[in-house]
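Structure assessment
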Amino acid sequence: MSSPERYDVPKLPENSVLDLEDYLAMQRAIGEKSRYRILAELLREGEMSATELVDALEMKSNTLHYHLDELVAVGLVANRKRKERGADGLYSYYVATSLGSAVMQHGIGELIREEHDIRSRYS
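Note that the structure is predicted; figures quoted are calculated from it, not measured.

1. Some points on the overall build of the protein
The helix and strand inventory of the protein stands at 5 helices and 3 strands. Counting from the amino terminus, the protein carries its helices and strands in the arrangement α-α-β-α-α-β-β-α. Against the compact-globule benchmark of 14 Å for 123 residues, the protein has a radius of gyration of 18 Å, which places it well outside the compact range. Projecting the C-alpha coordinates of the protein onto the three principal axes gives extents of approximately 70 × 45 × 20 Å. Looking at the protein residue by residue over its 123 residues, the buried ones come to 31%. Considering only residue pairs separated by 6 or more positions, the protein has 47% of its internal contacts joining residues 24 or more positions apart. Taken as a whole, the protein presents about 9200 Å² of accessible surface, with 51% of it coming from carbon and sulfur. Averaging the locations of the 16 positively and 21 negatively charged side chains of the protein gives two centres separated by 2 Å.

About the criteria used
Residues numbered from 1 in each chain as written. Predicted model: local features only at pLDDT ≥ 70, side-chain atom pairs only at ≥ 80, totals over all residues. Heavy atoms only, no water. Helix = DSSP H or I, 4+ residues; strand = E, 2+ residues; numbered from the N terminus. Rg over C-alpha atoms; globule rule 2.2 N^0.38 Å. Buried < 20%, exposed > 50% of the residue type's maximum accessible area, 1.4 Å probe, protein only. Contact = heavy atoms within 4.5 Å. Areas by Shrake-Rupley, 256 points an atom, 1.4 Å probe, with all protein chains shown as cover. Lys, Arg positive; Asp, Glu negative; His and termini not counted. Charge placed at Lys NZ, Arg CZ, Asp CG, Glu CD.

Right, dumping it as structure tokens:
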């Protein structure tokens with residue numbers, strides 16, 4: 001029986017902006033289905049308002065805001081406030097960050113692609 005391939009755990013860069021807990025918090029955040037759906041929609045559509053996300057995801061507003069707050073807190077989504085022409089006050093728009101894109105592409109996305117590859121090889 002052959003021994004399994006060894007995996008060298010990546011070390012954080014010297015003077016890293018993020019620590020291991022930050023990376024783990026991102027993984028925990030994206031591990032929840034509603035947050036996964038929100039981030040996927042933002043990556044697919046680009047910047048969106050909370051109203052647009054509620055409509056697109058058919059999610060209650062308070063549920064959406066709870067999950068958006070979690071995604072913003074760990075740095076996977078950014079909340080951009082801007083003034084709309086002819087309107088009073090600022091309006092919030094949400095956009096996936098580069099970290100959000102990386103977590104989806106190199107985390108969940110990579111696992112899904114790997115399954116497709118394995119299935120196509122052995123079917």
